[in-house]
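Take a look at the letters that make up each chain.
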Amino acid sequence: MQNNSQYNRIGVFFHWLIAIMVSLSLFAGSQLLEPMANSNPEKLGALQGHAIFGVITGLLLILRYLNIKLRGKPSAANPQGSMLGTMAKWAHRLIYLLIFAVIGSGIAMAIEADFASIFAGTSLIPETFEHLTARTAHGVLTKLLVLVLLTHIIAALYHQFVIKDHLMRRMRWKRFD
Ligand code: HEM
Ligand code: HEM
C-alpha cells in the first residue's frame, strides 16, 4: 500500500540511485570524455563506459516510472491548484523528459557515428564528433538538464528549510511499506 505522505521504498531507492548515476554521467561526460582527444587510446573504453552507463540509467528510470505508476505516489506536497504545485508537477515531468532526451541524443550520436563498427573494431573513431547534429543536441540538452536539476535541488531545500514542511521526508528510506 502507498503511504500518502512518502514515496514507497523502491521509489525512494531508485530516486537516489538515479540521482547519483545522472550526476556521475554529467560529470564524466563534461569533465573526462569531452576534453579527451578522440585519438587518445583510452577514448574507446571511456566512450563505451559512458554509453553503457547512460543506457542503464535510462532503463532504471523506466523502472522507477513504472513503480510509481503501479504503486502510486504520495499526495502532492503543495496545496492543490497552487502555483508551487503546478511548477513542481511540470519540473518533475521535465526532469524525466530531459534525461530521456539526453540518452536519446546519445544513442542518435552512436548511430550517426556508427559506434557499432567502432566498438566492434572494424572502423576507427572519427577525428571529432563536433560536426554531428546529435552531438550538438547532446551538449545543449545536458546543459538544460543541469539547470533544471539545480532548480530542483534549490526547490527541495527551499521546502525543507524555508517553508519547513519536511519535504525531504517524502524521499526518505522508511522502516514500513
Ligand atoms: C541530481 C539528480 C536528481 C534527479 C534526476 C532527481 C529526480 C527527481 C524526480 C524525477 C522527481 C519526481 C518524482 C516523481 O514523482 O516521479 C523527484 C522528486 C524529489 N526529489 Fe529529486 N532528483 C535529483 C536530486 C535530488 C536532490 C539532490 C534532492 C535533495 C536535495 C532531491 C529531492 C527530491 C524530493 C524531496 C522529491 C519529492 C518531491 C515531491 O514529493 O513533490 N532530488 N526527483
Ligand atoms: C544520463 C545519460 C547521459 C548523460 C547525463 C550524459 C552526459 C554527457 C555530457 C555532460 C557530455 C559532455 C557534453 C559537453 O560538454 O558538450 C557528454 C558527451 C558525450 N556523450 Fe553523453 N550522456 C549520457 C548518455 C549518453 C549515451 C547513452 C551515449 C551514447 C550511446 C552518450 C554519448 C556521448 C558522446 C559520444 C559524447 C561526446 C564525447 C566527445 O565530445 O568526445 N551519452 N555526455
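For the structure itself, look to the data block above.
Residues in close proximity to ligand 2 total 24 residues, the closest being Ser25, Gly29, Gly54, Gly106 and Gly139. Those elements that place two or more of their residues in the shell around ligand 2 are helix H1 (9-33), helix H2 (43-71), helix H3 (83-112) and helix H5 (133-163). Per element, the largest residue contribution to the shell around ligand 2 is seven residues, and it comes from H3.

Next up on the list: the site of ligand 1. Every one of the 21 residues lining ligand 1 counts as a neighbour, but Ala19, Ala77, His92, Ala156 and Met171 are closest to it. Listed by contribution, the elements that provide at least two residues to the shell around ligand 1 are H1, H3 and H5. Looking at the shell around ligand 1 residue by residue, the class counts come to 15 nonpolar, four polar and two charged.

Here we come to the packing of H1 against H2. Across the interface, H1 lies against H2 with an axial gap of 10 Å and an inter-helix angle of 155 degrees. Of the possible angle classes, the one that applies to H1 and H2 is roughly antiparallel. Remark: the crossing between H1 and H2 carries left-handed chirality. Residue composition of the contact of H1 with H2, by class: 16 nonpolar, eight polar and one charged.

Positive phi, close to 55 degrees, is recorded for Asp114, a residue that is not glycine. Residue position: Asp114 is located in the loop between H3 and helix H4 (115-120). You can call Asp114 partly exposed: it has 13 C-beta atoms within 10 Å. At Lys164, a residue that is not glycine, the phi angle is positive and equals roughly 55 degrees.

What follows concerns the packing of H3 against H5. Put simply, H3 and H5 touch, their axes get as near as 9 Å, and they point 160 degrees apart. Our classification of the angle between H3 and H5 gives roughly antiparallel. Relative to H5, the crossing made by H3 is left-handed. On the side of H3, the interface is formed by Ala91, Leu94, Ile95, Leu98, Ile99, Ala101, Val102, Ser105, Gly106, Ala108, Met109 and Glu112, while H5 contributes Ala134, Arg135, Ala137, His138, Leu141, Thr142, Leu144, Leu145, Val148, Leu149, Thr151 and His152.

About the cut-offs
In this convention, every chain numbers its residues from 1, walking through the sequence in written order. The order in which chains are written sets their letters, starting at A; the order in which ligands are written sets their numbers, starting at 1. Two thresholds apply to this predicted model, a pLDDT of at least 70 for residue-level local features and 80 or more for giving and counting side-chain atom pairs, whereas whole-chain, interface and lining totals are computed over all residues. We count a residue as near a molecule or strand when its backbone-placed C-beta atom lies within 6 Å of that partner. In this description a helix means any DSSP run of H or I spanning at least four residues, a strand means any run of E spanning at least two, and both kinds are numbered starting from the N terminus. The nonpolar class holds Ala, Val, Leu, Ile, Met, Phe, Trp, Tyr, Cys and Pro. Asp, Glu, Lys and Arg form the charged class, and all remaining residues, Gly among them, are polar. An axis is simply a line fitted to the C-alpha atoms; with a helix, the fit covers only the stretch in contact. Between two such axes, the angle follows the N-to-C directions and lies from 0 to 180 degrees. For classification purposes, angles smaller than 35 degrees are called roughly parallel, those larger than 145 roughly antiparallel, those between 65 and 115 roughly perpendicular, and all remaining angles oblique. If you view the pair so one helix is near and one far, a crossing is left-handed when the near helix is turned anticlockwise from the far one by less than a right angle, and right-handed when it is turned clockwise. To assign burial, the other C-beta atoms lying within 10 Å of each residue's own C-beta are counted, with C-beta atoms placed from the backbone; 20 or more indicates buried, 12 or fewer indicates exposed, and intermediate counts indicate partly exposed. Residue pairs qualify as contacts under a 7 Å threshold applied to their C-beta atoms, which are placed from the backbone.

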